[in-house]
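# Observations on chain architecture
Each chain, written out:
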Amino acid sequence: MVNNSITFIGLDTHKEFFEVAYIEDNRDAKPVSLGRINGTKQALQKLVRQFESKHPGSTLHFVYEAGPCGYWIYRFLTSLGHCCYVVAPSLIPKKAGERVKTDKRDAVKLALLLRSGDMAPIYVQEPEDEAMRDLSRARETAMKDLKDAKYQLKAMLLRNNIRCEVQDNWSTKHLRWLTELILPHPSQQIVLQEAIQTITERIRRLERLDNELSYHVKNWRYYPVVKAIQAMRGVRLLVAVGVIAELGDLSRFDHPRKLMSYLGLVPSEHSSGGKRRQGGITRTGNTRARRLLVEGAHTYRYAANVSTELQKRQESLSKEIVDIAWQAELRLCRRYQRLMKRGKHYNLVVTAIAREMIAYIWAISREVVLTPVNPAKRLARVPA
């Protein structure tokens, strides 16, 4: 007799161990807690073999929460031929008044919610896509660290009433002027020299990451999309790489409104009966991609025009992509001016422009044909 049932397995993942619970796809079935296993691939593979032997013919469906452990559990289980789902902790339903939280209860809850279908899994990127995202985020972190070091040095000079004599901040001439400063106390001189050295090192670090990002993005499978969306105003290399690295495959959204909602760029709403109340944007989804789009939206405050730099980015692109980019520029520049004349707040206008920008980015990405990932090669990348 062939068993076509499904076994739902919840994993509460931690650094050192996993809490395991499962429930069968029967109406009267009750969840069973299996306790803890080591957080290693060997222990996870042993768990899979136990389920395969105790539930022959049953389909195994695993689920765990997204967290610091990453996606190696998902990739390892899918490489073994089983279904695995990763869910966002913020989207897991929680009962009002539920005050007791343990690892055992979390694992049981995941298994129950997976069986009832009350959780939506998140999109899991390919390993090379996640690696490019890490590189893009590392570059952003380097820029933030550099700004922090500059702010600290400027604050020190302000406390000592030292006025900068060089107009071009942080140029070679400015750094040379900083090295020639003599502060009243030797201890302050040491702080100044350390700050100058820190800024110099972080500038070099940022340059190294910029070079690596420019090199590796050309070998990325999403590089045609990155190159295509740079046809739009306000979307240069760093913004393009950051948005695609964070969002991944845009074709999984069948309509741009779903992508807007995913990024949290749609207005919140609380309507009931005959009343309709809308508030600020929901701010859900990927924060970094939303911020990059808002930064790019500032460029549409000027009149529509194709600059020399923008024309160079469009030279090797198809006419369809260039036409979509020009249509976006005409509409967004006109919309920006119209909203400002209506007295809308500057931040509201920029957010509205960013919301429509992602719709045009979605439209451009559909004009690019990408080579699909070979499942056999993807599974072969997961070590045994």
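Note that the structure is predicted; figures quoted are calculated from it, not measured.

## Observations regarding helix 2 (residues 72-79)
Burial in helix 2 covers these residues: Ile73, Arg75, Phe76 and Leu77. Where helix 2 is buried, its residues meet strand 1 (6-13), strand 2 (17-24), helix 1 (41-54), strand 4 (59-65), strand 5 (83-87) and helix 4 (127-159).

## A short note on a positive patch on the surface
A contiguous patch of positive charge on the surface is contributed by Arg334, Arg338, Arg342 and Lys344. Position of Arg334 among the secondary structure elements: in helix 12 (residues 319-341).

## A short note on the confidence of the model for the protein chain
Taken as a whole, the protein chain shows an average pLDDT of 91; of its residues, 96% reach a score of 70 or greater. For residues 379-384, every residue scores under 50 in pLDDT, and the model assigns this stretch ten contacts once sequence neighbours within four places are set aside.

## Things to note about the environment of Gly296
For Gly296, the location among the structural elements is in helix 10 (residues 287-297). Residue classification places Gly296 among the buried residues on the basis of a relative accessible area of 3%. Taking C-alpha positions, Gly296 is 41 Å from Asp106, a pair spaced 190 residues apart along the chain.

## Looking at the sheet that holds strand 4
The strand order 3-2-1-4-5 describes an open sheet built from five strands, whose pairing is mixed. Edge positions in the sheet fall to strand 3 (32-38) and strand 5, since each of these pairs with one other strand and no more. When the angles between neighbouring strand axes are averaged without regard to direction, this sheet yields 25°. Where strand 2 lies against strand 3, six bridges are found, and the strand directions are antiparallel. In the strand pairing of strand 3, Phe17 is matched with Asn38. Across the sheet, helix 2 lies against strand 1, strand 2, strand 4 and strand 5, angled at about 165° from strand 5, the strand it touches most. On top of the sheet, helix 3 (residues 103-116) reaches strand 1, strand 2, strand 3, strand 4 and strand 5; it is set at about 40° to strand 2, its chief contact.

## Some details on the packing of helix 10 against helix 13 (residues 346-365)
When two helices pack together, their arrangement is captured by the angle between the axes and the distance separating the axes. Axis separation between helix 10 and helix 13 bottoms out at 8 Å; the angle between their running directions is 105°. With respect to each other, helix 10 and helix 13 are oriented roughly perpendicular. Contacts from Leu293, Val294, Gly296 and Ala297 of helix 10 reach helix 13 at Val350, Ile353, Ala354, Met357, Ile358 and Ile361. Looking at the contact of helix 10 with helix 13, its residues break down into nine nonpolar, one polar and no charged.

## Thoughts on the packing of aromatic side chains
The final tally for this structure, using the stated rule, is five aromatic pairs. Judged by centre distance (5.3 Å) and plane angle (85°), the ring pair of Tyr22 and Phe51 falls under edge-to-face. One end of the pair, Tyr22, is in strand 2; the other, Phe51, is in helix 1, and 29 residues separate them in sequence. Considered together, Tyr22 and Phe51 belong to a single accessibility category, that of buried residues. Relative to Tyr262, the ring of Phe253 lies with its centre 5.4 Å away and its plane at 55°, an arrangement referred to as tilted. The class of Phe253 is buried, set by a relative accessible area of 8%.

So, how was this worked out
Residues numbered from 1 in each chain as written. Predicted model: local features only at pLDDT ≥ 70, side-chain atom pairs only at ≥ 80, totals over all residues. Heavy atoms only, no water. Buried < 20%, exposed > 50% of the residue type's maximum accessible area, 1.4 Å probe, protein only. Helix = DSSP H or I, 4+ residues; strand = E, 2+ residues; numbered from the N terminus. Contact = heavy atoms within 4.5 Å. Patch = residues over 30% accessible without salt bridge, like charges linked within 9 Å, V, L, I, M, F, W, Y side chains within 5 Å. Areas by Shrake-Rupley, 256 points an atom, 1.4 Å probe, with all protein chains shown as cover. Salt bridge = Lys/Arg side-chain N within 4 Å of Asp/Glu carboxyl O. Lys, Arg positive; Asp, Glu negative; His and termini not counted. Charge placed at Lys NZ, Arg CZ, Asp CG, Glu CD. pLDDT = per-residue confidence, 0-100. Pairing = 2+ DSSP bridges. Axes fitted to C-alpha atoms, helices over the stretch in contact; angles between N-to-C directions. Parallel < 35°, antiparallel > 145°, perpendicular 65-115°, else oblique. Nonpolar A, V, L, I, M, F, W, Y, C, P; charged D, E, K, R; others polar. Phe/Tyr/Trp six-rings, centres within 6.5 Å; stacked < 30°, edge-to-face > 60°.

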